[in-house]
Structure formats: structure tokens, C-alpha cells
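Letter by letter, the chains look like this.
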Amino acid sequence: MKTIEIALSDLHFHARHGVFKQENIVGNEFIVALNVRIPFTDGIDDDDLDATISYADLYDIIADEMKRPRKLLETVANDICLRICGKWPQILSGEITICKSTPPIPGITGNASVRLFF
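Because the structure is a prediction, the values reported are computed rather than measured.

## Some remarks on the nonpolar core
At step 1: Counting 26 residues, the largest nonpolar core has Leu58, Ile62, Met66, Ile84 and Ile98 as the members making the most contacts within it.
At step 2: Counting only elements with at least two residues in this core, the list comes to β1 (3-15), β2 (28-39), α3 (55-66), α4 (73-87) and β3 (93-100).
At step 3: Contact partners of Ile84, with chain neighbours within four places excluded, come to Leu34, Val36, Leu58, Ile61 and Ile91.

Have a look at this one:
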């Protein structure tokens, strides 16, 4: 069976996710990546937009969820997943990664991220 993967990567958002009060006030930079896999259908051969998922629509859901502050990035990822899978039941699988660019951990020079597979 042929499948199509639709991917968005390197999406940058300023958001207020985190456990610490300062994170909720000042916010942080986040980088999001998403890919979803759907079945390849005859509609794709026919250049039919309804045979696929618009990456602009996927982006809109991600951007909307990134605006809602949460303590856990896991919660943000799951809420994005629930909305996307609820809107497009033809999704076979996917993956979302949310990376916090500068986590408030003393001495850390890298970033922190969560990845949800569905």
C-alpha cells in the first residue's frame, strides 16, 4: 500500500508553556515539527485537493494550540494530535516534536523536547 507523508518542520513560536511562573510570564521559544501519513488514493493521481490534507490547515491547528499555555509539552503535543486525528480520520500515523529552545535548567546549553508518536 502506498502512503503519503505530509510534514511541517522548523515551525517557530513564542509561547508560555512551562511549570515555572517565569515561563508563564516571559515565555520561551519553541520549535515544532509534525508529520502525518495518509493513504495514497486515486484522488491524488487526479490532482484532487480533497484527497490530501492541507499543510496550511495543519499549521493553523498547531499555531492555535501553541497559544494556549500549558505546564507540560506532552499535553500540548497530545492536544494537537487529538485535534488533527479528529479532523482527519484517514491519518494512519504521525509524529509531533515540540522543542523548548532554552529550558530553565541551570547549566544546560542545549534544548529540551518531547516527541509523540501516534
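Continuing now.
## Concerning the environment of Lys21
At step 1: With respect to the helices and strands, the residue Lys21 is situated in helix α1 (residues 21-26).
At step 2: With 50 residues separating them in the primary sequence, Lys21 and Lys71 have C-alpha atoms 9.9 Å apart.

## Structural notes on the sheet that holds β3
At step 1: With antiparallel pairing, four strands are arranged side by side in an open sheet as β1-β2-β3-β4. Since the sheet does not close on itself, it has two edges, and those belong to β1 and β4 (112-117), each with one partner. Adjacent strand axes in the sheet meet at a mean angle of 10 degrees when their direction is disregarded.
At step 2: Sheet topology note: the β3/β4 ladder contains six bridges and is antiparallel. Directly across from Thr97, in β4, lies its bridge partner Arg115.
At step 3: Its contacts with the sheet put α3 on β1, β2 and β3, and the angle it makes with β1 is roughly 35 degrees.

## A closer look at the packing of α3 against α4
At step 1: At a closest axis distance of 10 Å, the pairing of α3 and α4 adopts a crossing angle of 145 degrees. In this structure, α3 crosses over α4, and the sense of that crossing is right-handed. Packed against α3, whose contacting residues are Leu58, Ile61, Ile62, Asp64, Glu65 and Met66, the element α4 presents Val76, Asp79, Ile80, Arg83, Ile84 and Lys87 at the interface.

## Describing the packing of aromatic side chains
At step 1: Evaluated as defined, the whole model comprises one aromatic pair.
At step 2: Note on Phe13 and Tyr59: the rings are 5.8 Å apart at their centroids and 20 degrees apart in plane angle, and the pair reads as stacked. Of this pair, Phe13 sits in strand β1 while Tyr59 sits in helix α3, placing them 46 residues apart in sequence.
At step 3: Judged by its relative accessible area of 9%, Phe13 falls in the buried class.
At step 4: You can call Tyr59 partly exposed: its relative accessible area is 33%.
At step 5: Between the NZ or CZ atom of Lys2 and the centre of the ring of Phe40, over which it lies, the distance is 4.1 Å.

Rules and cut-offs
- Within each chain, residues carry numbers counting from 1 in the order of the written sequence.
- In view of the model being predicted, local features appear only for residues whose pLDDT reaches at least 70, and side-chain atom pairs are presented and counted only at 80 or more, with totals across whole chains, interfaces and linings using the full set of residues.
- By convention in this description, side-chain values take in all heavy atoms of the structure and omit both hydrogens and water.
- Here, nonpolar core refers to any group of buried Ala, Val, Leu, Ile, Met, Phe, Trp, Tyr and Cys residues whose side-chain atoms link them within 4.5 Å.
- Exposure is judged per residue with a 1.4 Å probe applied to protein chains only, and the accessible area is read against the type maximum: over 50% gives exposed, under 20% gives buried, and values in between give partly exposed.
- Each helix corresponds to a stretch of at least 4 residues labelled H or I by DSSP, and each strand to a stretch of at least 2 residues labelled E; elements are numbered beginning at the N terminus.
- Residues are treated as being in contact if the distance between any of their heavy atoms lies within 4.5 Å.
- In this description, strands pair whenever DSSP reports at least two bridges between them.
- Each axis is a line fitted through C-alpha atoms, and for a helix only the stretch in contact is used; angles between axes span 0 to 180 degrees, taken between their N-to-C directions.
- When the near helix sits turned anticlockwise from the far one by under a right angle, the crossing is termed left-handed; a clockwise turn instead gives a right-handed crossing.
- Two rings from Phe, Tyr or Trp (for Trp, the six-membered ring) form a pair when their centres are within 6.5 Å of each other. A pair whose planes differ by under 30 degrees is stacked, one over 60 is edge-to-face, and the rest are tilted.
- Both a distance and an angle decide whether a charge sits over a ring: NZ of Lys or CZ of Arg must be within 6 Å of the ring centre and within 35 degrees of the ring normal.

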